[in-house]
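Working through the structure, step by step
If you want the building blocks of each chain, they are given just below.
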Amino acid sequence: MSEEKSLNFIEEIIEQDLQEGKYQSILTRFPPEPNGYLHIGHAKAICLNFGLGLKYAGKTNLRFDDTNPVTEDTEYVDSIKEDIRWLGFNWANEFYASDYFDALYGYAIDLIKKGFAYVDDLTAEEIAHLKGSPTEAGKPSPFRDRSIDENLQLFEAMKAGQYKDGAKVLRAKIDMAHTNMLMRDPILYRIKHAHHHRTGDTWCIYPMYDFAHGQSDSIENITHSICTLEFIPHRELYDWCIEKLGIFPSHQYEFARLNMTYTVMSKRKLLQLVNDGYVSGWNDPRMPTLSGFRRKGYTPESIRLFCDKIGVAKRENFIDLSLLEFCLREELNKKALRVMAVLDPLKLIISNYPDNTTEELISENGPDESMGTRTLPFSKELWIEQEDFMEEAAKKWFRLAPGAMVRLKSAYIVQCDEFVKNEEGKITEIHCTYFPNSKSGNDTSGLTVKGTIHWVSAAQALTAEVRLYDRLFRAENPNNEEGDFKDNINPNSLQIIPKAYIEPSLQNAQLADRFQFIRKGYFCLDTDSSPSHLIFNRTATLKDAWAKEIKKA
RNA sequence: UGGGUUAUAGUGUAAAGGUAGCACACCAGAUUUUGAUUCUGUUCGUCUAGGUUCGAAUCCUAGUAACCCAACCA
């Protein structure tokens, strides 16, 4: 029953490289910039890079691309490491582009000496202006032809801190008329008198991405440097640097980043949601960040499965959020402990059940027998779900209604005799008769019912806060809509139920536990929870055929 | 208007000249002490127009569309 899975285009390249003996083994890297938290799009890149290392008996480095001290911080470094470990991957080495600042500086000197780089005194605006446009060639800077000695001197003075931010830059000398804008004398080094999270105040000049990334790959002997599509134009410059410097030739390959429905993936936008208070933080369960998914109750396995299913290719993609949810349910369905919780309570009184009596019933913890059983208290007064009763039964209604019978999960069959309504027209109580010989597992009543509902014994029920999450955006693609993406935020993305009734066994719930509140969804403890104030997050709903039925009508 | 990249069911992703397959979603049904799970089935696709070939998603020609590139961000 082995299912042969076809290779993605990067695996094909690797297998060919290995076959031809171009490399004995492969080395990949995951290169985040520590200026934000990792999101589900990063998970795709992580699974790809680390997965390749694992699949081909190679290795993968974690390298922080920390060349811009202004936006970077150790808070992000720590969160990124935590998230990668949580996803289940181990890096061979933890490196930083800042580890290579000396080497990079040396490379710059080398380029100057070879006549391939020069110091430019122009302002940012002037440089941009002379750069031309995609359809219009650029013009050379008046400083382009400085002598090698002068460039050397000036660059050293830059490093020594003799100039203010922006006063000078080091540029590559390539071709101001190049069709690739990036090749029009790109900036290699800029002056930033800023404190770096690792090198402190040692440097006041910092290399640009294009002068750091490829060389860092090269220094580490990365064989396959995998990045997203928008870096395609950079490859020419990547290769140019490696060639002019005569260093180890790493190669860059590009794949399409992940896009997903009902969310945004850009770090800039996520940062905005955090800073402007639309969410409680980077790890808000509505965020597409890995820390958000973790808090919401997603498992690393489900995210890895998702990354496996979406594939790797070069074309733009827009993945349905439901695929992620499918992967989640796929796993949780097998693992989650089944328990009962009533979120929107309605009192059910069993008229013919003895007063002041509690019965211990046995219920299975999950579909797999190995998950065992537990006992549940059952008594005369129960809480059931408001939505499980209908005053006038709809078509195909299997639940409670006047005269209707249902099975109380793991307990008895009851029949509704009457109900009580308050002045506002809200149903407050329903009265039933139970059939003593219909006890679950020992049913001799001969009755058959179509519906089974969950319940909690009122006397023994615990209370808990329950947080119900929905998608953060109401538009399938918030980026495509008119106006600001934030205008499309779903106003009902979080619904807090301050007092839900839950079965007593939940008192001992642990953070790592995964539950299915029967018929209501998958839930887990929130990090804010405490034994005296339990808080549960809804990880995902269950598929709901009845909800669909209603929609149709 | 220059350069680059990509086009296969609704969404993804396979098929390396030889039966267009798989997953999710959708729809219909069976089972069910969760209207869950599980199982079965239906519908739906090669960007367009030409050409080569016994045979084209695949090769050729010409179009078209989408995305990326003019940060001292990565």
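To be clear, the structure that these remarks concern was listed above.
Residues numbered from 1 in each chain as written. Chains lettered and ligands numbered in written order. Predicted model: local features only at pLDDT ≥ 70, side-chain atom pairs only at ≥ 80, totals over all residues. Heavy atoms only, no water.

**Focus on the overall build of chain A**
Across its full length, chain A carries 13 helices and 25 strands. Over its C-alpha trace chain A gives a radius of gyration of 31 Å, far above what one expects of a compact globule, namely 24 Å for 553 residues. C-alpha atoms of chain A, sized along the principal axes, occupy 100 × 55 × 45 Å. Taking all 553 residues of chain A together, the buried fraction comes to 53%. (Helix = DSSP H or I, 4+ residues; strand = E, 2+ residues; numbered from the N terminus. Rg over C-alpha atoms; globule rule 2.2 N^0.38 Å. Buried < 20%, exposed > 50% of the residue type's maximum accessible area, 1.4 Å probe, protein only.)

**Notes on the sheet that holds strand S4 (residues 117-120)**
Judged by pairing direction, the sheet is antiparallel, and its 4 strands sit side by side in the order S4-S5-S6-S7 without closing on themselves. Each edge of the open sheet carries a strand with a single partner, namely S4 and strand S7 (205-207). Each strand of the sheet is rotated relative to its neighbour by a mean of 20°, with strand direction disregarded. When S4 meets strand S5 (residues 169-172), the two strands line up antiparallel, connected through 4 bridges. Bridging across to S5, Val119 finds its partner in Leu170. Along the sheet, helix H4 (residues 101-113) makes contact with S4, S5, strand S6 (187-191) and S7, crossing S6 at roughly 120°. (Pairing = 2+ DSSP bridges. Axes fitted to C-alpha atoms, helices over the stretch in contact; angles between N-to-C directions. Contact = heavy atoms within 4.5 Å.)

**Focus: the protein's contact with RNA strand B**
What surrounds RNA strand B is a group of 64 residues, the closest being Arg315, Arg338, Arg399, Ser440 and Gln516. Counted by atom, the contact set of RNA strand B within 4 Å of the protein is 63% sugar and phosphate. Here a sugar or linking oxygen of RNA strand B and a backbone polar atom of Ile310 are 3.1 Å apart. Taking Phe398, its main chain carries an N or O atom lying 3.0 Å from a base oxygen of RNA strand B. Of all the secondary structure elements, the ones that give two or more residues to the surface near RNA strand B are helix H5 (124-130), S6, helix H8 (232-245), helix H11 (300-310), helix H12 (321-335) and helix H13 (545-552). Along the lines of polarity and charge, the residues of the surface near RNA strand B split into 25 nonpolar, 18 polar and 21 charged. (Near = heavy atom within 4 Å. Polar contact = N/O pair within 3.5 Å; in protein donor to acceptor, adjacent residues only side chain to side chain. Nonpolar A, V, L, I, M, F, W, Y, C, P; charged D, E, K, R; others polar.)

**Digging into the environment of His224**
By the element assignment, His224 lies in strand S8 (residues 224-228). The class of His224 is buried, set by a relative accessible area of 0%. Residues His224 and Thr123, 101 residues apart in the sequence, show an inter-C-alpha distance of 36 Å.

**Some words on the pairing of S5**
Side-chain alternation along S5 places Val169 and Arg171 on one buried face and Leu170 and Ala172 on a second face that is also buried. As defined by bridge partners, S5 adjoins S6 across 3 bridges and the pair is classed as antiparallel. Across the sheet, Arg171 pairs through a bridge with Ile187, a residue of S6.

**Remarks on the environment of Ala547**
Note on placement: Ala547 falls in helix H13. Judged by relative accessible area, which is 32%, Ala547 ranks as partly exposed. Sequence spacing of Ala547 and His196 is 351 residues, and the spatial spacing of their C-alpha atoms is 54 Å.

**So, the nonpolar core**
Ile40, Ile84, Ile303 and Phe306 are the most contacted members of the largest nonpolar core, which totals 47 residues. When contributions to this core are tallied by element, the ones reaching two or more residues are helix H1 (9-19), helix H2 (40-55), strand S2 (59-64), helix H3 (74-87), helix H10 (290-296), H11 and H12. Among the elements that make up this core, the one with the highest residue count is H2 (8 residues). Discounting residues that sit within four places of it in the chain, Ile84 has contacts with Phe30, Leu38, Ile46, Phe50, Leu62, Phe89 and Trp91. The next biggest cluster of nonpolar side chains, apart from the first, holds 36 residues, and it includes Leu170, Tyr189, Trp203 and Leu245. (Core = buried A, V, L, I, M, F, W, Y, C linked by side-chain atoms within 4.5 Å.)

**A short note on the sheet that holds S2**
Read across the open sheet, the 3 strands follow the order S1-S2-S3; overall the sheet is parallel. Of all the strands in the sheet, just strand S1 (27-30) and strand S3 (94-96) have a single pairing partner and so form its edges. The mean angle between the axes of side-by-side strands here comes to 35°, regardless of whether they run parallel or antiparallel. Relative to S3, S2 is paired through 3 bridges, and the arrangement is parallel. Bridge pairing in S3 places Phe64 opposite Tyr96. Its contacts with the sheet place H2 against S1 and S2, and it is angled at close to 160° to S1. In the packing of H3 onto the sheet, contacts are made with S1, S2 and S3, and the angle to S2 comes to roughly 160°.

**A short note on a positive patch on the surface**
A cluster of basic residues, Arg471, Lys543, Lys548 and Lys551, forms a positive patch at the surface. Tracing the backbone through its elements, the reader meets Lys548 in helix H13. Looking at Lys548, the relative accessible area reads 60%, which means it is exposed. (Patch = residues over 30% accessible without salt bridge, like charges linked within 9 Å, V, L, I, M, F, W, Y side chains within 5 Å. Areas by Shrake-Rupley, 256 points an atom, 1.4 Å probe, with all protein chains shown as cover. Salt bridge = Lys/Arg side-chain N within 4 Å of Asp/Glu carboxyl O. Lys, Arg positive; Asp, Glu negative; His and termini not counted. Charge placed at Lys NZ, Arg CZ, Asp CG, Glu CD.)

**Thoughts on unusual backbone geometry**
Its identity as a non-glycine residue notwithstanding, Ala57 has a phi of 55°, on the positive side. The exposure class assigned to Ala57 is exposed, which follows from its relative accessible area of 68%.

**A look at the pattern of salt bridges**
This structure, assessed with the given rule, holds 41 salt bridges. Ionic pairing is found between Lys347 and Glu381, a salt bridge with its closest N-O pair at 2.8 Å. On the criterion of sequence distance, the pair formed by Lys347 in strand S12 (residues 345-350) and Glu381 in strand S15 (residues 381-385) is long-range, its members being 34 residues apart. Given the relative accessible area of 32%, Glu381 is considered partly exposed. Among the charged side chains, a salt-bridge network with shared partners connects Arg295, Glu465, Arg467, Asp526 and Asp528.

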